[in-house]
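# Tertiary structure, described
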Amino acid sequence: MKTAMEWKKALEGYRLYCTADGKSPNTTRWYLGKLRIFGRYLEANGYPTELREITTAHIRPFLVYLRSDVKADQQNPNKQGRDDPLSGLTIQGYVRTLKAFYSWLLREEYIEDNPMRHIRIPRAPKVIIETFTDEQIERLLAAVDVRKPLGFRDHYILLILLDTGMRLSELAGLCTQDVDLETGEFKVTGKGQKQRVIPMGGTVQKVLWKYLNRYRREPAIASVDHLFLD
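The rules behind the values
- Residues numbered from 1 in each chain as written.
- Predicted model: local features only at pLDDT ≥ 70, side-chain atom pairs only at ≥ 80, totals over all residues.
- Heavy atoms only, no water.
- Helix = DSSP H or I, 4+ residues; strand = E, 2+ residues; numbered from the N terminus.
- Buried < 20%, exposed > 50% of the residue type's maximum accessible area, 1.4 Å probe, protein only.
- Expected span 1.5 Å × (residues − 1).
- Arc of directions from axis to C-beta.
- Contact = heavy atoms within 4.5 Å.
- Axes fitted to C-alpha atoms, helices over the stretch in contact; angles between N-to-C directions.
- Parallel < 35°, antiparallel > 145°, perpendicular 65-115°, else oblique.
- Nonpolar A, V, L, I, M, F, W, Y, C, P; charged D, E, K, R; others polar.
- Phe/Tyr/Trp six-rings, centres within 6.5 Å; stacked < 30°, edge-to-face > 60°.
- pLDDT = per-residue confidence, 0-100.
- Patch = residues over 30% accessible without salt bridge, like charges linked within 9 Å, V, L, I, M, F, W, Y side chains within 5 Å.
- Areas by Shrake-Rupley, 256 points an atom, 1.4 Å probe, with all protein chains shown as cover.
- Salt bridge = Lys/Arg side-chain N within 4 Å of Asp/Glu carboxyl O.
- Pairing = 2+ DSSP bridges.

Moving on: the environment of Gly190. The topology assignment puts Gly190 in the loop between β2 (185–189) and β3 (195–199). Since its relative accessible area comes to 14%, Gly190 is described here as buried. It is 8.9 Å that separates the C-alpha atoms of Gly190 and Met166, two residues lying 24 residues apart in sequence.

One full turn of an α-helix is made of 3.6 residues, so residues set three or four places apart face in the same direction. The end-to-end C-alpha distance of helix α3 (residues 56–68) is 19 Å, a good match for the 18 Å that 13 residues give at a rise of 1.5 Å each. Regarding α3, the residues found buried are Thr56, His58, Ile59, Phe62, Leu63 and Leu66. Down the axis, α3 shows its buried residues gathered within 160° of arc, on one side only. Residues of α3 that are exposed and point more than 90 degrees away from the buried face comprise Ala57 and Val64. Those residues of α3 that are buried are in contact with α2 (25–44) and α4 (88–107).

The contact between helix α1 (residues 7–20) and α4 brings their axes to 11 Å, and the two run at 90°. As the angle between them shows, α1 and α4 are arranged roughly perpendicular. Listed contacts from α4 to Trp7, Ala10, Leu11, Gly13, Tyr14 and Tyr17 of α1 are Leu98, Ala100, Phe101, Tyr102, Trp104, Leu105 and Arg107. Looking at side-chain class alone, the contact of α1 with α4 contains 11 nonpolar, one polar and one charged residues.

Once that is clear, we can look at the packing of aromatic side chains. Tallied over the full model, the rule gives 21 aromatic pairs. Measuring from centroid to centroid gives 5.9 Å for Phe62 and Tyr94, while their planes differ by 70°, and the two rings are edge-to-face. Taken together, the residues span a long stretch of sequence, with Phe62 in helix α3 and Tyr94 in helix α4 at a distance of 32 residues. Like Phe62, the residue Tyr94 is buried in the burial classification.

We now examine the confidence of the model for the protein. Across the protein, the average pLDDT comes to 87, with 93% of residues at or above 70. Element-level pLDDT for the protein is lowest in helix α8 (residues 202–215), with a mean of 87, against a maximum mean of 94 in α4.

Bringing a nonpolar patch on the surface into the picture now. On the surface, Phe132, Leu140 and Leu162 cluster together into a nonpolar patch covering about 260 Å² of accessible area. For Phe132, the position within the fold is in the loop between α4 and α5 (134–142). On the basis of relative accessible area, Phe132 is assigned to the exposed category, the value being 52%.

Okay, the pairing of β2 next. Here β2 shows a clear split, with Phe186 and Val188 buried on one side and none of Glu185, Lys187 and Thr189 buried on the other. Sheet topology places strand β1 (residues 179–180) next to β2; two bridges connect them, and they run antiparallel. Residue pairing for β2: Asp180 is matched across the bridge by Glu185. In textbook terms, the turn of a hairpin is the stretch between consecutive antiparallel strands, and for β1 and β2 this stretch comprises four residues, one of which, Gly184, has a positive phi near 70°. Across five bridges, the pairing between β2 and β3 is antiparallel.

With that settled, consider the pattern of salt bridges. Within this structure, the stated rule accounts for nine salt bridges. Its salt-bridge partner being Asp21, residue Lys23 comes within 2.7 Å of it at the nearest N-O pair. Using a relative accessible area of 44% as the deciding quantity, one classes Asp21 as partly exposed. Three or more residues joined by partner-sharing salt bridges are found here, namely Arg167, Glu170 and Arg196.

Okay, the packing of α1 against α2 next. The interhelical angle for the contact between α1 and α2, taken along N-to-C directions, is 170°, at an axis separation of 11 Å. It follows from the interaxial angle that α1 and α2 lie roughly antiparallel. Contacts between α1 and α2 involve Trp7, Lys8, Leu11, Tyr14, Arg15 and Cys18 from the former and Thr28, Tyr31, Leu32, Leu35, Arg36, Phe38, Gly39 and Glu43 from the latter.

This part takes up unusual backbone geometry. The phi angle at Glu109 is positive, at roughly 65°, despite the residue not being glycine. For Glu109, the location among the structural elements is in the loop between α4 and α5.

Moving on: the environment of His155. Along the chain, His155 turns up in helix α6 (residues 149–164). With 40 residues separating them along the chain, His155 and Gln195 place their C-alpha atoms 25 Å apart. Discounting residues that sit within four places of it in the chain, His155 has contacts with Leu141, Val144 and Val146.

The following block contains the structure:
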């Protein structure tokens, strides 16, 4: 007979699995944060916390609780809570996280039955994100003093984000070797250490050449190759 395992103990093993599987620290924290919230829900409602005793009948009320009782950013200690309900994408994230966790538990034979198999991933509403107007872009760029080295750097950062749509973390991780001015391409490393090539526009190419040859300072440590040093 297999030894019973508590929810919190299982999370320790799942953290090690995520790390060994190459998931980024941010992704691992995101998974564990949602799983801990579910664990606290079980405890607060007097539900079992031993893995084999948790059933679909305990999970479905949790999803109802997320939809009806939890407000946006309420569970995030780094943000001020709002009165808005959780978005469909956030609910979807919880379900995906629980499905991934229970699939791992089943593979590792910590459980014999997967209570998530009957729970479908809810559809998230498609939201059209409004883009900046031409006037807003002009005001944004005009707010930076390009006569100073840091101002020119900030101006160029804004141009890259507007031109390519790359993530902030991808931009912060750019190194000079990731930039090819001849082909007009960036090589970026995104989520899960996946790499992809992003083309740059002609204006970005010209400004980048000027930044590299005039405004980028020499790094304090010679081995540092980041495109943006501060």
